[in-house]
Amino acid sequence: MKVKKITAAEFRKMVAVSSDRLNNNADFINSLNVFPVPDGDTGTNMSLSFASGAKYVAESTADDVGTLAAALAKGLLMGARGNSGVILSQIFRGFHKSTEKKVELTPADLAAALSSGVESAYKAVMKPTEGTILTVARQAAKAANKTSNQTDVTTVMSAAYSAAKEALAHTPEQLPVLKEVGVVDSGGQGLTFVYEGFAAVLSGKTLAEPTEKHQPNMVEMDEMVNAAHHQSVQSQLNTEDIHYGYCTEIMVRLGAGRLVDQKFDYDAFRQHLSEIGDSLLVVADEQVVKVHVHTEHPGDVLAYGQHFGSLIKVKVDNMRLQHETILEHDREADSSSTTEPTEPTEPATVETINGYGIIAIASGVGLGKLFKSLGATLILNGGQTMNPSTEDIVQAIKQTKAKKVIILPNNKNIFLAANQAAQVAEVAVAVVPSKTVAQGMTSLLSFDSQASLKENQAKMTAELDSVISGQITTAVRDTSIDGQTIKKDDFMAIVDGKIVLTNAVRKTAAISMLKRMLTADSEIVTIIYGADGNQEEAQEIAAAAQQLDSDLEIEVHFGGQPVYPYLISVE
């Protein structure tokens, strides 16, 4: 079977089948995770993100592909969870831009849309890293363009899918961290499943029964040792690589304002900013342009934006105060996670603190209570295997009823969604980039209800690197990583994102980890036991810590978090 053009009916099927494909194989994608711990989340994030897009498509009454593609892009944007979900939303934002006002898609239209998706995703990142979902998308689009002169869309999509599979297989050759553990990129795997669904519909093939899942071959079984995706890519950078010290974000309403004297041109706008900074991200539509750039002169960025419109939002962070933390706690952020629902669990009436609302994203009843005791006004349940979506966070912002809102993600994989929510929110929002529960709690101690939002964000961010984070969890498979030979069911100790030791006895692993975390300047140790830990053992760990240093102030709390029986921090 070969389809000449993609109609609205065909497009609906393509989206629905690919959504099912991601959903049925979320666990497989989740298993592609660097560390052998039960908290992989890429599959879950991509599945839920695409499901949101599929819901928007299903609810649309449109009978043209262009409108349906717009619905898919909108749903993906609002439902985007984690880095992988946000990148997927950018790919289909570009797809939508290319298909506007098109009733059907010809082979050339389909190839152009796939290429537009790649362009949108790459433009969103100043220095894209190869060996990721971006590479898979680019190679697929390249293959589609080579066949765009064919008379049917089936051939084009089949070529794109085949190229995606091939590109995926080569990702370990492009990204050192993937090669280290001999695996492929998990985000790329998710996109390949999407394109597989598209190709299957257009070729008339029945992929599988609704409950059938992808059966990994021998190579993929090895890959399931774990796959590093985008947060690990960032950990390849060194602090000395930062040439520009201020993380600057602006949102400009185009055409508005008394200082407007230039007509907005995306390429020229982006080129100018690329010359005064790095880590550039520019996303624009007809009404608004959003910018993220690292520069030494944030004022120049603000002034440049005003040539094109009025500044709606402005945020400037001193990156030299926080980049060290980003490197050290890359993986740690993924540990403060949960499979609990992502809906806010606070009552309808939420108190504010002098006009402030503080949202802490955390898992476990105990952790929620701890954050509340430290000043958080609303707890949003969510974590590694259930990252809150952009829309979840937007709704939480509204629920605070506050004029100024601070968000503590407590997980690096929630940063993009949190920042996206901050940009579309109707009130002033600041994201403090806490990557762990310990960082989030420590930053709350420096909150000042009398200070401005910008001042609080700077002060709270500056505190993030003052705490050392550790956790204990169980290995789910045999593997070797970080110089450690790990056996299934052993207990692993992870300090600041690195596996430092393993032991068959949980308490021994925790005490040994704590010894490594303590320094001559250590003053406070906090032990939080989770759903699989217990108070008695936590007290025994605390007693051992007191023997190591009698001057330590030690606190033991119930967190109730899944996956990690013990979260231990040292300040």
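Residues numbered from 1 in each chain as written. Predicted model: local features only at pLDDT ≥ 70, side-chain atom pairs only at ≥ 80, totals over all residues. Heavy atoms only, no water.

### Here's the deal with the overall build of the protein chain
Spelled out, the test is: In this description a helix means any DSSP run of H or I spanning at least four residues, a strand means any run of E spanning at least two, and both kinds are numbered starting from the N terminus. Here's how the labels work: a residue is buried when its accessible area is under 20% of the maximum for its type, exposed when over 50%, partly exposed in between, all with a 1.4 Å probe on protein chains only. When checking whether two residues touch, look at their non-hydrogen atoms; a contact exists if any pair is within 4.5 Å. Surface accessibility follows the Shrake-Rupley procedure with a 1.4 Å probe radius. Residue values consider only the protein chains on display as shielding.
Looking only at helices and strands, the protein chain has 22 helices and 16 strands in total. Here the protein chain, with 571 residues, has 60% of them falling under the buried criterion. The long-range share in the protein chain, meaning contacts at least 24 apart out of those at least 6 apart in sequence, stands at 75%. By element, 51% of the accessible surface of the protein chain is carried by carbon and sulfur atoms, the whole surface being about 22,600 Å².

### A short note on the sheet that holds strand β12 (residues 491-495)
Rule in force here: DSSP calls a pair of strands paired once it identifies at least 2 bridges connecting them. Interaxial angle, 0 to 180 degrees, is taken between N-to-C directions of lines fitted to C-alpha atoms, where a helix line uses only the stretch in contact.
Strand order in the open sheet formed by 6 strands is β13-β12-β9-β16-β14-β15, with mixed pairing between adjacent strands. Single-partner strands in this sheet number two, and they are β13 (498-503) and β15 (553-558). Strand-to-strand twist across the sheet, computed as the mean angle between neighbouring axes with direction ignored, equals 20°. As judged from the 5 bridges shared by strand β14 (residues 524-529) and strand β16 (residues 566-570), these two strands associate in the antiparallel manner. Across the sheet, Ile 528 pairs through a bridge with Leu 567, a residue of β16. Against the sheet, helix α22 (residues 535-548) makes contact with β14, β15 and β16, and its axis sits at roughly 170° relative to β15, the strand it touches most.

### Details of the packing of aromatic side chains
This is how it is decided: Each Phe, Tyr or Trp ring, with Trp reduced to its six-membered ring, pairs with another whose centre is within 6.5 Å; inter-plane angles below 30 degrees give stacked pairs, above 60 give edge-to-face pairs, and intermediate values give tilted ones.
Summed over all chains, the structure comprises 13 aromatic pairs. With a centroid separation of 5.5 Å and an interplanar angle of 55°, the aromatic rings of Tyr 529 and Phe 558 are classed as tilted. Of the two residues, Tyr 529 sits in strand β14 while Phe 558 sits in strand β15, which places them 29 residues apart along the sequence. Clustering of aromatic rings is evident, with ring pairs tying together Phe 11, Phe 50, Phe 92, Phe 95, Tyr 195 and Phe 198.

### Some thoughts on the sheet that holds strand β6 (residues 378-381)
Strands belonging to one sheet form pairs held by backbone hydrogen bonds; the direction of such a pair is parallel or antiparallel. One open sheet holds the 4 strands; their spatial order is β6-β5-β7-β8, and the pairing between them is parallel. Taken across any chain shown, the strands that pair with only one partner, and hence form the sheet edges, are β6 and β8 (428-431). Neighbouring strand axes in the sheet, compared pairwise and without regard to direction, differ in orientation by 25° on average. Across 5 bridges, the pairing between strand β5 (residues 356-362) and strand β7 (residues 404-408) is parallel. Looking at the pairing, Ile 358 lines up with Ile 406 of β7.

### Observations regarding the environment of Thr 155
Examined against the element boundaries, Thr 155 turns out to sit in helix α8 (residues 153-174). The class of Thr 155 is partly exposed, set by a relative accessible area of 23%. Between the C-alpha atom of Thr 155 and that of Ala 199, which follows or precedes it by 44 residues, the distance is 8.6 Å. Not counting residues within four places of it along the chain, the set of residues in contact with Thr 155 comprises Lys 2, Thr 147 and Gln 150.

### A word on the packing of helix α17 (residues 390-400) against helix α18 (residues 415-424)
Where we set the bar: Roughly parallel means an angle under 35 degrees; roughly antiparallel, over 145; roughly perpendicular, 65 to 115; everything else is oblique. By definition, any crossing whose near helix is turned counterclockwise from its far helix by less than a right angle is left-handed, and any crossing with a clockwise turn is right-handed. The classification used treats Ala, Val, Leu, Ile, Met, Phe, Trp, Tyr, Cys and Pro as nonpolar, Asp, Glu, Lys and Arg as charged, and all other residues, Gly among them, as polar.
With their axes 8 Å apart at the nearest point, α17 and α18 run at an angle of 50° to one another. When the axis of α17 is compared with that of α18, the two are oblique. Considering only the axes of α17 and α18, their crossing is right-handed. Taken together, the residues of α18 that come into contact with α17 (itself represented by Thr 390, Ile 393, Val 394 and Ile 397) are Ala 417, Ala 418, Gln 420, Ala 421 and Val 424. A breakdown of the residues in the contact of α17 with α18 according to their chemical character gives 7 nonpolar, 2 polar and no charged.

### Overview of the pairing of β12
Regular strands have side chains that alternate between both faces of the sheet. Burial runs high along β12: 5 of the 5 residues are buried. Side chains Phe 491, Ala 493 and Val 495 of β12 all project onto a buried face; the interleaved residues Met 492 and Ile 494 project onto the opposite face, where all are buried too. Alignment of β12 against β13, held across 5 bridges, turns out to be antiparallel. The residue of β13 that forms the bridge with Phe 491 is Asn 503. Between the antiparallel neighbours β12 and β13 lie 2 residues, among them Asp 496 with a positive phi of about 50°.

### Notes on the pattern of salt bridges
Condition: Salt bridge, as used here, is a side-chain nitrogen of Lys or Arg placed within 4 Å of a carboxyl oxygen of Asp or Glu.
Under the counting rule described, the total for this entry stands at 9 salt bridges. One salt bridge in this structure joins Glu 196 and Arg 21, with 2.8 Å as the shortest N-O distance. In this pair, Glu 196 sits in helix α10 (residues 186-203) while Arg 21 sits in helix α1 (residues 8-24), placing the two residues 175 residues apart along the sequence. Of the two residues examined, Glu 196 and Arg 21, each falls in the buried class. In this structure, Lys 55 and Glu 59 form a salt bridge, with 2.6 Å as the shortest nitrogen-oxygen distance. Here the residue Lys 55 and the residue Glu 59 both occupy positions in helix α3 (residues 42-59), the gap between them amounting to 4 residues, near one helical turn.

### Overview of helix α21 (residues 506-517)
The following threshold applies: Expected span, for any helix, means 1.5 Å times one less than how many residues it has.
Over its 12 residues, α21 runs 17 Å from end to end, which matches the ideal 16 Å to within 8%, given 1.5 Å per residue. Among all positions of α21, only Arg 506, Ala 509, Ala 510, Ile 511, Met 513, Leu 514 and Met 517 are buried. Looking at the buried side of α21, the elements it contacts are β9 (468-474), β12, β13, β14, α22 and β16.

### Notes on the nonpolar core
A general trend in soluble globular proteins is that nonpolar side chains are found buried together. Rules: Each nonpolar core is a collection of buried residues, namely Ala, Val, Leu, Ile, Met, Phe, Trp, Tyr and Cys, held together in the definition by side-chain atoms within 4.5 Å.
Grouped together as the largest cluster of nonpolar side chains are 58 residues, with contacts concentrated most on Phe 50, Phe 92 and Tyr 195. Counting 25 residues, the second largest nonpolar core, distinct from the first, contains Ile 472, Val 525, Ala 538 and Ile 568.

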